[in-house]
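For reference, the chains in residue letters:
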Amino acid sequence: MSSTTHRAEGTMRMSERSRRHMLAALALCFAVTTWVHAGDDRNPLAGDPKAVKAGEYEFRINCALCHGLGARGGGRGPDLTRAQKKHTHSDSEMFQVISNGIAGTAMPANGTNGQGVGMTDEEIWQIIAYIRSQEVKAPSQPLGNATHGKDLFYGDANCSLCHMVAGKGGRFGPELTGVGGSRTREAIIDSVRNPSRRLAWGLNEATKEFPQEYESVTVVTADGKEIKGVTLNEDSFTVQIMDTNEQIHLLEKDKLRSFQKSRESAMPKYNADTLSDKELDDIVAYLISVGAK
Amino acid sequence: MRGRDLLLAISLAAVAFATPAHSQVTFDRLLNSSKEPQNWMTYSGDYLGRRFSALDQVSTANASALTAKWVYQTAATGKLETSPLVVDGILYATAQDDRAFALDARTGRPIWMYQHALPGDIRPCCGRVNRGLAILGDKVFLGTLDAHVIALDAKTGNVAWDVVAADYRTGNSFTVAPLALKDLVVIGVSGGEYGVRGFIDAYDAATGKRRWRFYTVPGPGEPGHETWEGDSWQVGGAPAWNTGTYDAATNQIFWPTGNPAPSNRGEGRSGDNLYSNTLLALNADTGKLNWYFQFTKHDEHDWDATQVPVIIDTNGDSGAKHLIAQADRNGFFYVLDRTSGKLISANPYGKTTWSDAKDGEGRPIANQSASPTLEGHTVCPGAAGTTNFMAPAYDPQTGLFYVTARDQCDIFSTAPQPYEAGHAYYGSAYFPSEEAKPYRGFLKAIDPATGQVKWKFEHTSPTWSGVLSTAGGLVFTGDAEGNFIAMDAAAGKPQWHFQMGGAVYAPPMAFAVDGREYIAIAAGSAIYAFGLP
């Protein structure tokens, strides 16, 4: 193809160019006004098949890392095909959440997650159009018995020895109050059946690329004392550990006799013999019931 | 050692006295930067790209006594990637959103500040970042996220001239520290993620008039145009967003380029896609191409070859060699003859799975199975690369090339995507591979003569910090956990560290004022300067 079909502005007459610029500016004003008004409830691009397709590209670049290709949820983010969402109901709420993130969760503000290039307002609306197009009605009867799941969590399954939910339980493992609202059912089940496959995230520092993970650690101090625990944080020179008795140890690496990390999770692997599928469904139902609040 | 320090202090003081503060930065001074080691006048500290300081007051003998001298809070948020300049006691640097400032280099106290007014709808790729300024004459030069090139008065920060290089609404932007040489300011565009047509520009430093432009994607009728399918060249990317180097002897600029667009999809742009992921040797006066070397042909993994190409001269048994070396994002360390552009060696310096073979010239070529798929599959290195924009260092004393490296693999997926002006144009996405964890980060010392890694220091996690080497036998680098670390250049053993409280995305540099050596680096949202007590 010749170059004359491309970058037409170089060959455009001045008057025509000015007119087009003016029209473009007017169109932009109109679009912005429309969006501001639409901000009350509805996506101005709702149902537009072109916007849905464009939103799918944007979703792959900006969202799929955590929410999975197809928005069905990844290991880190919730399934967005659920019509009932925890943090957003209306399109405008979804717009706010995508723009600003959700404080206190792994959901970052637009353009700050290191993935992709950040989105324009129009692209955010396209993503919302895409998410709406993927939504399916949640099953009418949730799987599992939440009441029984709560009994198991605090009782025979021993979850609460290490995990806290709503202020009750242990500190050694990740806090799980919100997990039912921010992870898919499949991801929660996988983390119980295969806890080492995808280590849970711990501290997420503001400027650091990767969050701390729940790595297991064994150290021997200079006086020969062995400490087993999880890393709360670590750098090249120091490590902060919580041991199984919930004691925090602040250690300098060059003063240790040995320091060994492992990506074998401190969480025991629950197979079907120790926790049946039915029992696990009940526990997940409990976590979802708490997480949805 | 004490006597030597004293001598250095006296000689530095003499240099400072001989050069009146705030004198003009002539091209001659830039060309002979090694004669004034107290100053750091270009992005890499010299035209060769070595990021090597001849200062040796701080050395392996006393590094453990280093202490913070001052901290300047920029109050900017996001990644601070700036590499400061220092000339005659004044430090010039930038922060996010195109702000520039001048500080008293002894204390960090600001002298002036400039904030460019950015439109609300800029299209930055990877943060609202800036990597620094260039200086020439009485001006400093800033490239902006809305694709302006701006000259500021070095004494006041007032705008001397402001030109628009390209339309930011189609994804053009500047994040690079420009390179000033002769009477020119050379700058390369960003925007490979938006399908820009990449270019390198040279502007008259006095007036802002554009002297030449080299399009990194050849147009119809130009050599290399045939390496693009159909109209794909028009949105072919090949940006030029990191600072190149300059060889005065041959009057050549060496400038590296980035990925073809869309980054994850080769379908629709079959061919080598020149001059993406290429080292360009351009005539400094005219911008005409002398030679080129393409590192990754027809890239589908976002492996911009925008790493600083370092000029190295050696004089071994086989005679003088005029080399240029680059640790590439694709995981291979390349050494070229910079007279001809001919490849001398290419060796992996990190975990790579994309290439098992080399072509006739010795260039690693991609396995067919490395191409991204619809559902995605794992390739190493990941899109972040074995290294990236983090500035490397070459130490003429040890003869080693120091580079920040990471072992990380990504899942690369691809899907058809129509080009739409001003919208991200990736052709799908890449994600860090959970199975390939943990990702590991290193400082590696490579011997350019053999391409072998002589030593490596493993960080707790991968870092985006650059590297500085000094005549004091030290290399300095930062980590993602916020430490600034001094190591001995020969073996990579830490001598000292300081916790700065924020991750490092910038390279260190060194300067001296009043006979005292300082090492400076940006971390978190602040700039730190360190020295001896």
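The structure displayed is predicted, hence computed values, not measured ones.

## Regarding the overall build of chain B
Then step 1. Each helix and strand counted, chain B has two helices and 38 strands in total.
Then step 2. Since a compact globule built from 533 residues should have a radius of gyration of about 24 Å, the 22 Å found for chain B is in line with a globular shape.
Then step 3. Each of the three principal axes of chain B carries a C-alpha extent, and together these read 65 × 45 × 45 Å.
Then step 4. Looking at the 533 residues of chain B, the share that counts as buried comes to 60%.

## Thoughts on the overall build of chain A
Then step 1. When you go through chain A residue by residue, the secondary structure sums to nine helices and seven strands.
Then step 2. Counted over contacts in chain A with a minimum sequence separation of 6, partners at least 24 positions apart contribute 60%.

## Some details on the sheet that holds strand β28 (residues 410–412) of chain B
Residues and elements named next belong to chain B.
Then step 1. Across the sheet, three strands lie side by side as β25-β28-β29; this open sheet has antiparallel pairing. Each end of this open sheet is capped by a strand with a single partner; those strands are β25 (377–379) and β29 (430–432). Pairs of neighbouring strands in the sheet enclose a mean axial angle of 35 degrees, with direction left out of account.
Then step 2. Here β25 pairs with β28 via three bridges, running antiparallel. In the strand pairing of β28, V379 is matched with D410.

## What about the domain arrangement of chain A?
Then step 1. Examined at the domain level, chain A breaks down into domain 1 (18–134), domain 2 (146–191 + 269–291) and domain 3 (196–266).
Then step 2. Residues of the side of domain 1 of chain A that touches domain 2 of chain A, tallied by class, amount to one nonpolar, four polar and two charged.

## Here we look at the interface of chain B and chain A
Then step 1. Chain B puts 34 residues into the contact, and the matching count from chain A is 25 residues.
Then step 2. Its residues assigned to classes, the side of chain B that touches chain A comprises 13 nonpolar, 14 polar and seven charged.

## Quick notes on the pairing of strand β16 (residues 252–256) of chain B
Residues in a regular strand project their side chains so that they alternate between the two faces of the sheet.
All names here are of chain B.
Then step 1. The buried count for β16 comes to five of five residues, which makes it a mostly enclosed element.
Then step 2. Neither face of β16 is open: one carries Q252, F254 and P256, the other I253 and W255, and all of them are buried.
Then step 3. In this structure, strand β15 (residues 245–247) lies alongside β16, joined through three bridges in antiparallel fashion. If you follow Y246 over to β16, its bridge partner there is I253.
Then step 4. Linkage of β15 to β16, two consecutive antiparallel strands, is achieved through a turn of four residues, within which N251 is found at a positive phi near 55 degrees.
Then step 5. Looking at chain direction, β16 and strand β17 (residues 278–283) are connected through five bridges and run antiparallel.

## A few points about the packing of helix α2 (residues 49–62) of chain A against helix α5 (residues 121–134) of chain A
All names here are of chain A.
Then step 1. One way to put it is that α2 packs onto α5 with a least axis distance of 7 Å and a crossing angle of 100 degrees. The pairing of α2 with α5 is recorded here as roughly perpendicular in orientation. The residues of α5 that touch α2, namely those facing A51, V52, A54, G55, E56, E58 and F59, are E123, W125, Q126, I127, A129, Y130 and S133.
Then step 2. A breakdown of the residues in the contact of α2 with α5 according to their chemical character gives eight nonpolar, three polar and three charged.

## As for the nonpolar core
Then step 1. Counting residues in hydrophobic clusters, the biggest one holds 191 residues, and the most contacted among them are L133(B), A134(B), I135(B), V140(B), A180(B), V185(B) and Y528(B).
Then step 2. Excluding anything up to four places from it in sequence, Y528(B) contacts A68(B), V71(B), F484(B), M500(B), A520(B), I521(B) and A523(B).
Then step 3. One finds L152(A), V179(A), Y270(A) and L275(A) within the second-largest nonpolar core, a separate group that totals 18 residues.

## Re the packing of helix α6 (residues 146–154) of chain A against helix α9 (residues 277–291) of chain A
Residue and element names in this part refer to chain A.
Then step 1. Across the interface, α6 lies against α9 with an axial gap of 7 Å and an inter-helix angle of 100 degrees. Relative to α9, α6 is oriented roughly perpendicular. Mapping the contact onto sequence places A146, H148, G149, K150, L152 and F153 in α6 and E279, D282, I283, V284, A285, Y286 and S289 in α9.
Then step 2. Taken together, the residues that form the contact of α6 with α9 break down as seven nonpolar, three polar and three charged.

## Comments concerning the sheet that holds strand β38 (residues 526–531) of chain B
Residue and element names in this part refer to chain B.
Then step 1. The four strands are arranged β2-β38-β37-β36 in an open sheet whose pairing can be described as antiparallel. Lying at the two open borders of the sheet, with one neighbouring strand each, are β2 (67–73) and β36 (509–513). Strand-to-strand, the axes of this sheet are offset by a mean angle of 30 degrees, without reference to chain direction.
Then step 2. Pairing of β36 with strand β37 (residues 516–523), which is carried by five bridges, proceeds in the antiparallel orientation. Of the residues in β37, the one forming a bridge with V513 is R516.

Conventions adopted
- Residues numbered from 1 in each chain as written.
- Chains lettered and ligands numbered in written order.
- Predicted model: local features only at pLDDT ≥ 70, side-chain atom pairs only at ≥ 80, totals over all residues.
- Helix = DSSP H or I, 4+ residues; strand = E, 2+ residues; numbered from the N terminus.
- Rg over C-alpha atoms; globule rule 2.2 N^0.38 Å.
- Buried ≥ 20, exposed ≤ 12 C-beta atoms within 10 Å, placed from the backbone.
- Contact = placed C-beta atoms within 7 Å.
- Pairing = 2+ DSSP bridges.
- Axes fitted to C-alpha atoms, helices over the stretch in contact; angles between N-to-C directions.
- Domains from an automatic or database assignment.
- Nonpolar A, V, L, I, M, F, W, Y, C, P; charged D, E, K, R; others polar.
- Parallel < 35°, antiparallel > 145°, perpendicular 65-115°, else oblique.
- Core = buried A, V, L, I, M, F, W, Y, C linked by C-beta atoms within 7 Å.

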